[in-house]
Amino acid sequence: MKQLIIATKNKGKAEEFKIMFAKYGINAISLLELEEDIPDIEETGSTFEENAALKSEGIMKLLNIPVMADDSGLMIDALDGRPGIFSARYAGEPKDDQANIVKVLKELENVQDPNRTARFVCVLSVSIPGQPTLFKKGSCEGKIALAESGSHGFGYDPIFIPEGYEQTMAELEPNIKNKISHRYHAMVQLEEWIQNLS
Ligand SMILES: O=c1[nH]c(=O)c2ncn([C@@H]3O[C@H](COP(=O)(O)OP(=O)(O)OP(=O)(O)O)[C@@H](O)[C@H]3O)c2[nH]1
Ligand SMILES: [Mg+2]
């Protein structure tokens with residue numbers, strides 16, 4: 001089976017990539033599965049693209065094989081696009097999905113329905129030794145729920161209601177999330193590259 005290293009230590013992302021790449025006959029292997037201890041890469045960039053490149057290029061240089069990375073986040077209009085690139089650690093260190101949700105709901109306490117619009121954004125970067133890094137971006141429009149609900153997915157899924165649905169992303173079955181998510185929309189644009197992967 002063909003394989004591709006995904007430069008992520010996020011279990012939720014890793015599971016979604018496993019499923020999405022399996023359709024192309026590719027085993028997507030996250031850093032959580034590697035035998036060697038891979039150091040954490042500091043995400044010091046100021047855009048999703050810069051942070052994705054830091055991850056895919058950093059791990060590509062370490063292993064000398066093709067590597068894909070995902071930098072993603074939630075952009076809330078009423079918060080001027082926050083948490084954005086700071087989504088993973090919005091409530092501070094260490095990374096805590098539940099604390100992040102509590103912080104967002106608190107910040108939106110006085111914001112009513114038509115103004116709770118938001119989108120998930122995902123930038124995928126592919127780094128191959130000797131080649132310039134390739135970028136693809138996807139997004140998923142929606143709004144922030146009044147309270148959290150659902151147990152699927154990860155991150156902010158329990159408070160994100162995708163456009164066209166009444167339930168949160170965490171209430172939807174994973175196979176639905178994987179057909180509408182920001183990650184899916186970025187992946188679709190990589191289809192040709194994925195099919196040519198040797
Ligand atoms: O509800 C969610 N559903 C999603 O589908 C999703 N995708 C991203 N996010 C949020 O954005 C951060 C990414 O930050 P991020 O790209 O730096 O990833 P990360 O630090 O978690 O792992 P790594 O890939 O860097 O190792 C994550 O932690 C989450 O808080 C999501 N939340
Ligand atoms: Mg990260």
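For the protein, the name recorded in an unreviewed UniProt entry is dITP/XTP pyrophosphatase, with Ornithinibacillus bavariensis as its organism. Here the protein is described in UniProt, under the heading Sequence similarities (unreviewed entry), as follows: "Belongs to the HAM1 NTPase family." UniProt annotates the protein under Subunit (unreviewed entry) with the comment "Homodimer."

Engineer: Quick question: what am I supposed to make of unusual backbone geometry here?
Structural biologist: One can expect most non-glycine residues to show negative phi and most peptide bonds to be in trans. For the bond from Arg82 to Pro83, the omega torsion is 0 degrees, close enough to zero to count as cis. Tracing the chain through its elements places Pro83 in the loop between β3 (67-76) and α3 (97-107). Although it is not a glycine, Asn64 adopts a positive phi angle of roughly 60 degrees. Along the chain, Asn64 falls in the loop between α2 (48-63) and β3. Its identity is not glycine, yet Asp80 carries a phi of approximately 55 degrees, on the positive side. Inspection of the secondary structure assignment puts Asp80 in the loop between β3 and α3. Given the relative accessible area of 74%, Asp80 is considered exposed.

Engineer: Quick question: what am I supposed to make of the layout of surface pockets here?
Structural biologist: Unfilled space is identified by rolling a water-sized probe across the atoms. Each pocket or cavity is described by its volume, and for the largest pocket that value is around 790 Å³. Lining of the largest pocket is provided by 36 residues; of these, Lys13, Glu43, Ala88, Arg89 and Lys95 occupy positions nearest its centre. Every element with two or more residues in the lining of the largest pocket is listed here: α2, β3, α3 and α5 (182-188). For the lining of the largest pocket, the leading source of residues is β3, giving four residues. Of the residues belonging to the lining of the largest pocket, the class tally is 12 nonpolar, 11 polar and 13 charged.

Engineer: I'm lost on the UniProt feature "binding site: Mg(2+)" (unreviewed entry) in the protein in this one. Help?
Structural biologist: Residues given the UniProt feature "binding site: Mg(2+)" (unreviewed entry) here are Glu42 and Asp71. These annotated residues cover 30 residues of sequence, and their C-alpha atoms lie no more than 12.3 Å from one another, placing them together at a single site. Set against the largest pocket, the annotated residues named above that line it are Glu42 and Asp71. Here Glu42 lies in the loop between β2 (26-30) and α2.

Engineer: Mind showing me how you'd approach the confidence of the model for the protein here?
Structural biologist: Reading fine detail from the predicted coordinates is not recommended where pLDDT is low. The predicted model of the protein averages 97 in pLDDT, with 100% of residues at 70 or higher. In the predicted complex, the global pTM is 0.97; the interface-specific ipTM is 0.98.

Calculation criteria
Every chain begins its residue count from 1, and numbering advances along the sequence as written. Written order determines the labels here, with chains lettered from A and ligands numbered from 1. Owing to the predicted nature of the model, reporting of local features is limited to residues with pLDDT of at least 70; listing and counting of side-chain atom pairs is limited to 80 or more, with chain, interface and lining totals taken over all residues. Working from all heavy atoms in the structure, the side-chain values ignore hydrogens and water. UniProt positions are given in the numbering used here, feature names are shortened, and annotations may be inferred rather than shown by experiment. Only DSSP runs of H or I reaching four residues or more are called helices, and only runs of E reaching two or more are called strands; each is numbered from the N terminus. Exposure classes here rest on a 1.4 Å probe applied to the protein chains alone. A residue is buried below 20% of its type maximum, exposed above 50%, and partly exposed in between. Cavities and pockets were defined on a 1 Å grid built over protein atoms only: a cavity is a set of grid points that admits a 1.4 Å probe from which the probe cannot escape, a pocket is an open set flanked by protein on both sides within 12 Å along at least five of seven lines, and lining residues are those with an atom within 4 Å of any such point. Grid points are joined across faces, edges and corners, and a volume is the space filled by probe spheres set on the points. Three residue categories are used. Nonpolar comprises Ala, Val, Leu, Ile, Met, Phe, Trp, Tyr, Cys and Pro, charged comprises Asp, Glu, Lys and Arg, and polar comprises the others, including Gly. A residue's pLDDT is the confidence the predictor assigns to it, expressed on a 0 to 100 scale.

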